[in-house]
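The primary structure of each chain is shown beneath.
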Amino acid sequence: MPRVSEEHLERRRAQILDAARACFIRKGFHETSMQDIFAESGLSAGAVYRYFKSKTEIIEALASVAIGGLAGYVSEVLKEDPVPPLDDAVGRLTQLIVTMVGPDDTLRLAPQAWALAMYDEQFGTYVRTRMTEVRQLWIMYVERLRDAGMVPPDTDCTAAGKALFGMMPGFVIQYLLVGDLTSEEFRRGLRSLASPATLAPDPA
């Protein structure tokens, strides 16, 4: 019986998050009210507040799902042995991002979440912590490139890792807002700028 109860609670929580995601994608964080979420989920206010005390808590839960899934994949790619070439790693990660920013996907909310983090202290702390963790993976990746002789031994790994991490939000913004960038083009652009030692063999 306890297991059934836990499964029921998890289904209800997922129902609320699905409803909130639909509302946020349709109306944005600011224009969506808790009443909108109640109506979309088909649940009462009391039922929703049993799981989440505020809209910010719902946003944080959605961000956790998206960031957690992406961070897990980033970790897998960047920790592969042998260390993957730079364009291969970035190409695969941008391809994953494309699959996560469909019309109904949580990662589509990323720009709104970044904006909210600028002035909401609680949410800002959460986002900064998660982003710092993912950025550290890129710093460790550059250290592995250095150790493999794929970048100069005097490379500033911290600065380079921060620069590489910055490419991912940049890709998301261009893909969502400008709409004329593909993962393949992004990878080609990187190949044109990076040192040959850091790149995978040219398919051509």
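Residues numbered from 1 in each chain as written. Predicted model: local features only at pLDDT ≥ 70, side-chain atom pairs only at ≥ 80, totals over all residues. Heavy atoms only, no water.

Okay, the domain arrangement of the protein next. Note on interface size: it is often stated as the accessible area lost on association of the parts. Annotation of the protein at the domain level lists domain 1 (6-53) and domain 2 (65-193). With centres defined by C-alpha atoms, the gap from domain 1 to domain 2 works out at 29 Å. Facing 6 residues of domain 1, the contacting portion of domain 2 comprises 10 residues. Interface area for domain 1 against domain 2, summed over the two sides, is near 660 Å², with a carbon-plus-sulfur share of 67%. It is Arg21, Ile25 and Phe29 in domain 1 that bury the most area against domain 2; as a group they hold 74% of the surface buried on that side. Summed over the shared surface of domain 1 and domain 2, the result is 0 salt bridges. For the pair domain 1 and domain 2, the interface holds 4 residue pairs in polar contact (both at pLDDT 80 or more). Considering only residue class, the side of domain 1 that touches domain 2 consists of 3 nonpolar, 2 polar and 1 charged. (Domains from an automatic or database assignment. Contact = heavy atoms within 4.5 Å. Buried area = accessible area lost by both parts, 1.4 Å probe. Salt bridge = Lys/Arg side-chain N within 4 Å of Asp/Glu carboxyl O. Polar contact = N/O pair within 3.5 Å; in protein donor to acceptor, adjacent residues only side chain to side chain. Nonpolar A, V, L, I, M, F, W, Y, C, P; charged D, E, K, R; others polar.)

Further remarks concern the pattern of salt bridges. Summed over all chains, the structure comprises 9 salt bridges. Note that Arg191 and Asp87 form a salt bridge whose closest N and O atoms lie 2.5 Å from each other. Placement of Arg191 in helix H9 (residues 183-193) and of Asp87 in helix H5 (residues 86-99) is noted, with a sequence separation of 104 residues between them. Asp147 is the partner of Arg146 in a salt bridge, and the nearest nitrogen-oxygen pair spans 3.2 Å. Judged by its relative accessible area of 59%, Asp147 is exposed. Each member of the salt-bridge network shares a partner with another, and the members are Glu80, Asp88 and Arg92. (Helix = DSSP H or I, 4+ residues; strand = E, 2+ residues; numbered from the N terminus. Buried < 20%, exposed > 50% of the residue type's maximum accessible area, 1.4 Å probe, protein only.)

Further remarks concern the nonpolar core. Judged by nonpolar contacts, the single largest core of 37 residues is most densely connected at Leu78, Val90, Trp138, Tyr141 and Met168. Broken down by secondary-structure element, the contributors of at least two residues to this core are helix H4 (55-78), H5, helix H7 (121-147), helix H8 (157-178) and H9. Counting residues per element, this core draws most heavily on H8, at 8 residues. The residues contacting Val90, other than those within four sequence positions of it, are Trp138, Met167, Met168, Phe186 and Leu190. (Core = buried A, V, L, I, M, F, W, Y, C linked by side-chain atoms within 4.5 Å.)

Its location among the elements puts Thr198 in the segment after H9. Among the polar contacts listed, one links the side chain of Thr198 to the backbone oxygen of Ser195, at a separation of 2.8 Å. Residues in contact with Thr198, not counting those within four places in the same chain, are Pro85, Leu86, Asp87, Met150 and Val151.

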